[in-house]
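# Structure at a glance
Here's the letter readout for the chains.
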Amino acid sequence: QVQLVESGGGLVQPGGSLRLSCVASGRTFNNYFVAWFRRHSGKERDFVASISREGGYTYYSDAVKGRFTISRDNAKNTVYLQMNSLKPEDTAVYYCGARGVYDTAYGYWGQGTQVTVSS
């Protein structure tokens, strides 16, 4: 089991930046792949970015590629999402998810953090 807690959301103007954090507790964090997802109001949860267990591989959705950066610090049990050049369409609740090596889906989730991009 791993427990996840997101933080860092808030209100930001278009073109601004935010950094989200996802802190994990429980079992050895570097056994888990971690990803960020987001849910726009009334819609399904969409993939944003993911990172491998040691941070060597990252993947991004086309919507955020070049603007967002995912990273992790296993010594701090934390994954980050640096979000730059934010747009109103980035407004959503952002969730971090984790999956173990043998899991086929992300099964551990945080409670989410709201990001609002508006002038």
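Here, every reference points to the structure presented above.
Attention here is on the structure that accompanies the text. Per chain, residues are indexed from 1 in the order of the written sequence. Totals for whole chains, interfaces and linings use every residue, but because this is a predicted model, local features are given only for residues with pLDDT of at least 70 and side-chain atom pairs only at 80 or more, for both listing and counting. Hydrogens and water molecules were not included; the side-chain quantities draw on all heavy atoms of the structure.

## Digging into the nonpolar core
As a reminder, the rule being used: By convention a nonpolar core is built from buried Ala, Val, Leu, Ile, Met, Phe, Trp, Tyr and Cys residues, the set being connected through side-chain atoms within 4.5 Å. Note on classification: 1.4 Å probe, protein chains only; a residue is buried when its accessible area is under 20% of the maximum for its type, exposed when over 50%, partly exposed between these limits. Put simply, DSSP H or I for four residues or longer makes a helix, DSSP E for two residues or longer makes a strand, and each gets a number counted from the N terminus.
In this structure, Trp-36, Leu-81, Met-83 and Tyr-94 are the most contacted members of the largest nonpolar core, which totals 29 residues. Where this core is concerned, the elements lending two or more residues are β1 (2-7), β3 (18-26), β4 (32-39), β5 (45-51), β7 (68-73), β8 (78-83), β9 (92-100) and β11 (113-117).

## Describing the side chain of Arg-67
What counts, and what does not: Within 3.5 Å is the distance limit for a polar contact, defined as a pair of N or O atoms, with the added protein rule that one can donate a hydrogen and the other accept it, and that residues adjacent in sequence qualify only through two side-chain atoms. Throughout, a residue-residue contact means that at least one pair of heavy atoms, one from each residue, lies within 4.5 Å.
Of note, Arg-67 is situated in the loop between β6 (58-60) and β7. A distance of 2.7 Å separates a polar atom in the side chain of Arg-67 from a polar atom in the side chain of Asp-90. Once you skip the residues sitting within four places of it in the chain, Arg-67 turns out to touch Gln-82, Met-83, Asn-84, Ser-85, Leu-86, Lys-87 and Asp-90.

## A few points about the packing of aromatic side chains
Applied cut-off: Stacked, edge-to-face and tilted labels apply to pairs of Phe, Tyr and Trp rings (six-membered ring for Trp) whose centres lie within 6.5 Å, assigned for plane angles under 30 degrees, over 60, and everything in between, in that order.
According to the stated counting rule, one finds 5 aromatic pairs in the structure shown. With centroids separated by 5.5 Å and ring planes inclined at 70 degrees, the aromatic side chains of Phe-37 and Tyr-106 adopt a geometry described as edge-to-face. A residue pair is termed long-range when its members are at least 10 positions apart, and Phe-37 in strand β4 and Tyr-106 in the loop between β9 and β10 (108-109) qualify at 69 residues. Given a relative accessible area of 21%, Tyr-106 falls into the partly exposed group.

## Re the sheet that holds β8
Test applied: A strand pair is defined by DSSP finding two or more bridges across the two strands. To get an axis, a line is fitted to the C-alpha atoms, and for a helix only the part in contact is used. The angle between two axes follows their N-to-C directions and goes from 0 to 180 degrees.
Spatial ordering of the open sheet is given by β1-β3-β8-β7, a layout of 4 strands whose pairing is antiparallel. The outermost strands of the open sheet, each flanked by one partner alone, are β1 and β7. Along the sheet, successive strands turn relative to each other by an average axial angle of 15 degrees, direction set aside. Note: β7 against β8, 6 bridges, orientation antiparallel. Counterpart to Arg-72 in the pairing with β8 is Val-79.

## Quick word on unusual backbone geometry
At Asn-77, a residue that is not glycine, the phi angle is positive and equals roughly 55 degrees. For Asn-77, the location among the structural elements is in the loop between β7 and β8. Owing to a relative accessible area of 23%, Asn-77 belongs among the partly exposed residues under this scheme. Phi angles above zero are rare outside glycine, and Ser-85 is one such case at about 50 degrees.

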